[in-house]
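Take a look at the letters that make up each chain.
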Amino acid sequence: MRLEPIANPSLGRSLGPPALAVAATVVIASLLAMVAGANPFSVLGLILKGAFGSQFAALETLNRATPLIFTGLAIAVAFKAKFWNIGAEAQLYAGALITVVLGTGALPWPSFALIPTLMVGAVLAGAVLLLIPAILKTRFGVDEVVTTLLFNFIFLLFISMLLEGPLKDPMGMGWPKSARVLSEARLPRIVDGLRLHWGFGLAILCAVAVWVIQTRSTLGYEMRAVGLNREAAAFAGIPVNTVLVKTALMSGGLAALAGFSEVAGLKGSLTLDLSPGFGYTGIIVAMLALLNPLGVIVTALFVAGIFVGADSMSRAAGVPTYLADMMLATALLLMVLAILLTRFRVVRD
Amino acid sequence: MEILDILISASFWAAAIRIATPLILATMGELICERAGVLNLGIEGIMVAGAFAGWMAVYSGTGLWVGVAVAMVVGMGFGLLHSLLTVPFGLSQHVVGLGVTLLATSSTYYAYRLALPQVTSPPKIAAFQPYEIPILSDIPLLGQALFSQTPFTYLAFALVAATSIMLYRTPLGLAVRAAGESPAAVAAQGLSVTAIRMGAVIVGSGFMAMGGAFLTMSAFDSFFFEMVNGRGWICIALVVFGSWKPGKALLGAVLFAAFDALQIRVQQTSLGADIPYQIFLMAPYILSIVALVLVSRRAEVPAALMVPFNKGER
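For every chain, the first residue of the written sequence is number 1, and numbering continues from 1 along that sequence. Whichever chain is written first becomes A and whichever ligand is written first becomes 1, with later ones labelled in order. Residue-level local features of this predicted model are given only where pLDDT is at least 70; pairs of side-chain atoms are given and counted only at 80 or more, and the full residue set underlies all totals for whole chains, interfaces and linings. Side-chain numbers come from the whole structure's heavy atoms, not from hydrogens or water.

Asks: Can you lay out the nonpolar core for me, pointing to particular residues and giving the numbers?
Replies: In these notes, a set of buried Ala, Val, Leu, Ile, Met, Phe, Trp, Tyr and Cys residues joined through side-chain atoms within 4.5 Å is what counts as a nonpolar core. Note on exposure labels: buried denotes an accessible area under 20% of the residue type's maximum, exposed denotes more than 50%, and partly exposed covers the range between, all computed with a 1.4 Å probe on protein chains only. Counting 220 residues, the largest nonpolar core has F79, F260 and L270 of chain A together with F223 and W233 of chain B as its most contacted members. Strands here mean DSSP runs of E at least two residues long; helices mean DSSP runs of H or I at least four residues long; both are numbered from the N terminus. The element contributing the most residues to this core is helix α13 (residues 323-343) of chain A, with 14 residues. If sequence neighbours within four positions are ignored, F260 of chain A has contacts with G95, A96, T99, I115, L118, M119, A122, L187, L202 and G265 of chain A. Between two residues, a contact is recorded if the distance between any of their heavy atoms is within 4.5 Å.

Asks: Any details on the interface of chain B and chain A? Residues and values, ideally.
Replies: The partner chain A presents 48 residues to the 44 residues of chain B that form the contact. Summed over both partners, the accessible area lost on bringing two parts together, with a 1.4 Å probe, is the buried area. Buried surface at the junction of chain B and chain A, both sides included, amounts to about 4,100 Å², of which 82% is carbon and sulfur. Between Lys or Arg on one side and Asp or Glu on the other, a salt bridge is scored when a side-chain nitrogen of the former is within 4 Å of a carboxyl oxygen of the latter. Applying the counting rule to chain B against chain A returns zero salt bridges. Here a polar contact is taken to be a pair of N or O atoms separated by no more than 3.5 Å, where protein atoms must pair a possible hydrogen donor with a possible acceptor and residues adjacent in sequence count only if both atoms sit in side chains. At the junction of chain B and chain A, the tally comes to five residue pairs in polar contact (both at pLDDT 80 or more). Counting residues per element, the ones that place at least two in the side of chain B that touches chain A are α4 (64-86), α5 (93-115), α11 (231-241) and α14 (277-296) of chain B. Looking at the side of chain B that touches chain A, the element that brings in the most residues is α5 of chain B, giving 14 residues. Under this grouping Gly is polar, as are all residues other than the nonpolar Ala, Val, Leu, Ile, Met, Phe, Trp, Tyr, Cys and Pro and the charged Asp, Glu, Lys and Arg. Along the lines of polarity and charge, the residues of the side of chain B that touches chain A split into 30 nonpolar, 11 polar and three charged.

Asks: So what about helix α3 (residues 55-80) of chain A? Which residues, and what values?
Replies: All names here are of chain A. Expected span of a helix, by definition, is 1.5 Å for each gap between consecutive residues, and there is one gap fewer than residues. The end-to-end C-alpha distance of α3, which contains 26 residues, comes to 36 Å, matching closely the 38 Å that a straight helix rising 1.5 Å per residue would cover. Bend, in this description, refers to the angle at a residue between axes fitted to the seven residues ending there and the seven starting there. Within α3, the axis deviates most sharply at T66, by approximately 25 degrees, and proline P67 lies no more than four positions further along. Burial analysis of α3 places 19 of its 26 residues in the buried class, the great majority of the element. Of the residues one or two after α3, K82 is the one with positive phi, at around 55 degrees.

Asks: Explain helix α1 (residues 11-35) of chain A residue by residue, including any values.
Replies: In this model, α1 of chain A (25 residues) spans 36 Å end to end at C-alpha, consistent with the 36 Å of a helix rising 1.5 Å per residue. All buried positions along α1 of chain A are accounted for by P17, P18, A21, T25, A29, S30, L32 and A33 of chain A. Those residues of α1 of chain A hidden inside the fold are in contact with α2 (43-52) and α13 of chain A together with α5 of chain B.

Asks: I'd like to hear about the pattern of salt bridges, residue by residue, with values.
Replies: Residues and elements named next belong to chain A. Summed over all chains, the structure comprises six salt bridges over all chains. Residue R64 pairs with D311 through a salt bridge whose shortest N-O separation is 4.0 Å. Taken together, the positions of R64 in helix α3 and D311 in helix α12 (residues 293-317) put the pair 247 residues apart, joining distant regions of the chain. Notably, a salt bridge pairs E144 with K137, separated by 2.9 Å at the nearest N-O pair. Each member of the pair, E144 together with K137, is buried.

Asks: Quick one: what's the story with a nonpolar patch on the surface, residue by residue and with numbers?
Replies: Residues and elements named next belong to chain B. Exposure above 30% relative accessible area and no salt bridge define the residues that can form patches, which grow by joining like charges within 9 Å and nonpolar side chains of Val, Leu, Ile, Met, Phe, Trp and Tyr within 5 Å. Under the convention used here, a 1.4 Å probe and the Shrake-Rupley method define accessible areas, while residue burial counts only the protein chains that appear. Residues I3, L7, L271, I275 and I279 make up a contiguous nonpolar surface patch of roughly 370 Å² in combined accessible area. Topologically, L7 is positioned in helix α1 (residues 2-7). For L7, a relative accessible area of 33% corresponds to the partly exposed category.

Asks: Outline the packing of α12 of chain A against α13 of chain A, listing residues and values.
Replies: Residue and element names in this part refer to chain A. Each axis is a line fitted through C-alpha atoms, taken for helices only over the stretch in contact, and angles between the N-to-C directions span 0 to 180 degrees. Direction vectors running N to C along α12 and α13 enclose 145 degrees, while the axes themselves pass 8 Å from each other. Between α12 and α13 the crossing geometry is right-handed. In this structure, α12 uses V303, I306, F307, A310 and M313 to contact α13, whose residues at the interface are L323, A324, D325, M327 and L328. Looking at the contact of α12 with α13, its residues break down into nine nonpolar, no polar and one charged. Each crossing is labelled by how the near helix is turned from the far one, with a counterclockwise turn of less than a right angle marking it left-handed and a clockwise turn marking it right-handed.

Read these as spatial facts, not as claims about activity.
Here you go:
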């Protein structure tokens, strides 16, 4: 078989394959739930109800989407320039770490000064953490996939060490948990009485900012050029390594904001289970959004909906919760294939 | 002084070879994939799936070697999925690989929960036992380190030799290497790049799953979540460290495992008492990165690694 580009894809060609991919994901998930003894026809309904069925559920989904928007943006920025940052998990924890180091009393400032300081600190921490793999890549030619992946393990052990040592909360009853951040460091709620904090607003703002940078600035143009063809970009006079380093700084900073927002907006302290893999899930969010920063908002809501909905569905129908991860993996693989098929047709030799 | 004592003890080297075995198997698998031009980031998840499948098969009553075969077949299944998406369709090997890892890991955990809904601690199986090779196992130090292992370890070493012979001494190996260096030349010979690459990924994934199975069937006798714990990613680094050559990759795996065995033992000495244990656990990962920095400059990367091949495209 062979792939042949389609010059002018019809509307059906553009929408058909992605729609089929979504449908197939739902069918597969229903069959898997049936294997676990649930009624397959109730699965989709239960997921939707669990994710958006009540005000509480919808707010939960928005809260879950917030860190995913940040990590999704981090991945989208990096992958656009073909810089394979698989270390968003570590960068997220770097942001969370700075937030608790500076936010638990080291800076006794009012909110209007403390919150922006924590934000900047988190961004810098994430950026610096990704700077190391970026320099190893540009200076020594070390593949960033491996280094960023290994950094996740190293940095989580580092956090574990701090939580059992200098950062351990004396009031934590022996749990490896940091002290709570000051109330001045907490992100306020968007609407009084509703459990949704300004981290969500910040995430939307970041998505718009990344979109503006990507489509309206020289740096955005250079990042795209480097991603499309590194040799050609270098030939055109674009400083490829500098662009890659700038990309890494931006990507690391965005991922770190997820950690900042989870601590300052939601949890209040740092634990080793702050992130159930938000850094890795960001890859799915970014890919489903075709690396478009505004699309990331939509796909983060979709992915968060699957997590929250599948969690509640699992409890209601007695299905193992790993079904959510299986659905996301299936959706990812089918969607990348579907998107290819919107632009190419398969021809027999 | 204490460290020196550790380094000259036979039990230390026996442990190093034991720790190296799953890495050796999975590294060979990844090496075969990459030699044919495909980066397989599914490795971490495929190892998890292999660890579960082999153990589950034996737990349900099959023999140990049948369990190994079951693990391999499951790994090959995920390899088929990976290669189908990355080779004929030419999709991003990074994205598909990570997707396969997520799919393999989550479906393994799902299957585990379905198969054993009630258990709090996973049941044990009768795992592979050490087999002392007559005469050879009497050699001081070397005998206990190399020739008093389980048959699964001997199989791993045999597979390294087989991979090396296949790659460098057979027409098939030439075709595999050429598919990773200049696929157009392979196609010009009338061979199918698609078939060679898919075959390499499927077989390589089978090896990865065997690496995972070693954990549950020889190193330990039970299946735990998080038991693979980044070993797959280490193997990706080992392939680079070994410059895509089986012998060098084997050496890298043994060195890495020796370092890992050393950090476990130093933790228990007086030296280790004052240092947080996390530092020791970090050390192997840091070592991998340092090793990559040292070798990456002169690494001979297969020229067509991660480059999809579409016939008729020039």
